[in-house]
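# Structural overview
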Amino acid sequence: MEVHHPGLRSILDSLRSGKSLSAGELQDLERQLDLMKGRDASPCTEPQRHLRLVQAATPVVTGTLDGAADRKGTDQFAASFSEHAVGFYNEAQGLRLSSVGIGTYRGAMDDETDAAYFSAVRAALRAGVNVIDTSLNYRHQRSERSVGAALRAFVAQDGGSRNGVLVCTKGGYLVPGALSRELLREGEIAGDAHCMAPEFLMDQLERSRRNLGLTRVDVYYLHNPETQLRFIDASTFGVRIRRAFERLEQAASEGLISHYGIATWDGFFDGSLSLKSLEATARQIGGEAHRFRFVQLPVNLGMLDELRSLADSDRGVLDIARDLDITVMASASLLQGRSTAGLPGWITHALPHLATDAQRALQFVRSTPGVTCALTGMRDTRHVADNTALALSPPLSPKQYRAAFHQ
């Protein structure tokens, strides 16, 4: 095999002459060997550094995890917690998923927060949570890397399995340190901050797969696509969504992702996004077996008007999602901690047996009819323990849930 890389040529010359290699040369050799195996390993040096930081007391776990969440794996994961989990798991897309999931949005971009997320994600997995939510732009890739490190430790050291865990991430925002300038074409970027061009999304997905150490991402969301509607008209937006969906369907066929979806903040509440229209686009592209099967939107007690509309039968996006076989993940379930104190009295009355307002707020969200999983940010293992204690309390029934609004 011909060797064209000048650094590798120098290393080979050193080896032939019997010279010892420096640490830098050894790292370069490792990168080039990975490249020869078909992987661009240069971005992986940063995830490996994170592994060393967060696993200082345990053996470093490197490599890539094959596979994806599947029925057998999620069934086995849930079964291992069945003795104490009362209604803690929901059926969705042929999987059994925990009704509480761990989010990784907030926090400083420093090593201490990396280590905190590593510990929290690993603790959540040990406690029965099998839904992890992250994004390339969360803490500028650092959250993805901490998730990847925790998941590998869970598999290698805690007896867990890759196919028991649903890993969700997102792309769309321009993230410092994660941009290929040749992919950023004028006219495809909205507000100097957001892009849904197919080539750009595939570049971002590849970065996420490397950060997470996964061959396949279970759910890949377009991140707040409604952002673009502040800068382009609805017709142009529709064209961009279609091109993005076409490429994501292809990515699913290629085994890079299992499903895709939309993660939105207010797109379904302000009418800028239509779930029926989005699903119709996916169906036109992929047929009845299309992979547009997840949406993420905020559901919390700080948005009571929106929550009441969601609870109102046959009016909200949750009912539409159910009819279209689209799984709903609730984001900001505790509204970044603002729903953990001072709750209205009817919440306490509806859930008197729970110990804290945080538990009551999270319990109410995961009880919302049509919500599969209530996501909440956890980077403190004490919060993990508090939130996963809900496994001991069944969610409200739909009748109990609706009645609580009238107390």
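Notes on the structure in this doc start here.

When helices and strands are counted, the protein shows 15 helices and 12 strands. A total of 407 residues make up the protein; the buried ones form 54% of that total. A separation of at least 24 residues holds for 76% of the contacts in the protein among residues at least 6 apart in sequence. With an accessible surface of roughly 17,400 Å², the protein has 49% of that area assigned to carbon and sulfur atoms.

This paragraph deals with the nonpolar core. By size, the foremost hydrophobic cluster in this structure holds 88 residues, and its most contacted members are L222, F245, I257, F292 and F364. For this core, the element with the most residues is helix α8 (residues 234–253), which contributes 7 residues. Among residues more than four places away in sequence, those in contact with I257 are L205, R216, V217, Y220, L248, A251 and A252. In this structure, A69, V219, A263 and L375 belong to the second largest nonpolar core, which totals 14 residues.

Further remarks concern the packing of aromatic side chains. Using the criterion set out here, one finds 9 aromatic pairs in the structure. Relative to F81, the ring of F77 lies with its centre 5.3 Å away and its plane at 40°, an arrangement referred to as tilted. Across the pair, exposure class does not vary: F77 and F81 are buried alike. Between the aromatic rings of F245 and F292, the centroid separation amounts to 5.1 Å while the plane-to-plane angle is 35°, which identifies the pairing as tilted. In this pair, F245 sits in helix α8 while F292 sits in strand β10 (residues 292–298), placing the two residues 47 residues apart along the sequence. In this structure, F245 and F292 share a single accessibility class: buried. These aromatic residues form a ring-pair network of at least three members: F77, F81 and F154.

Reading the values: rules and limits
Residues numbered from 1 in each chain as written. Predicted model: local features only at pLDDT ≥ 70, side-chain atom pairs only at ≥ 80, totals over all residues. Heavy atoms only, no water. Helix = DSSP H or I, 4+ residues; strand = E, 2+ residues; numbered from the N terminus. Buried < 20%, exposed > 50% of the residue type's maximum accessible area, 1.4 Å probe, protein only. Contact = heavy atoms within 4.5 Å. Areas by Shrake-Rupley, 256 points an atom, 1.4 Å probe, with all protein chains shown as cover. Core = buried A, V, L, I, M, F, W, Y, C linked by side-chain atoms within 4.5 Å. Phe/Tyr/Trp six-rings, centres within 6.5 Å; stacked < 30°, edge-to-face > 60°.

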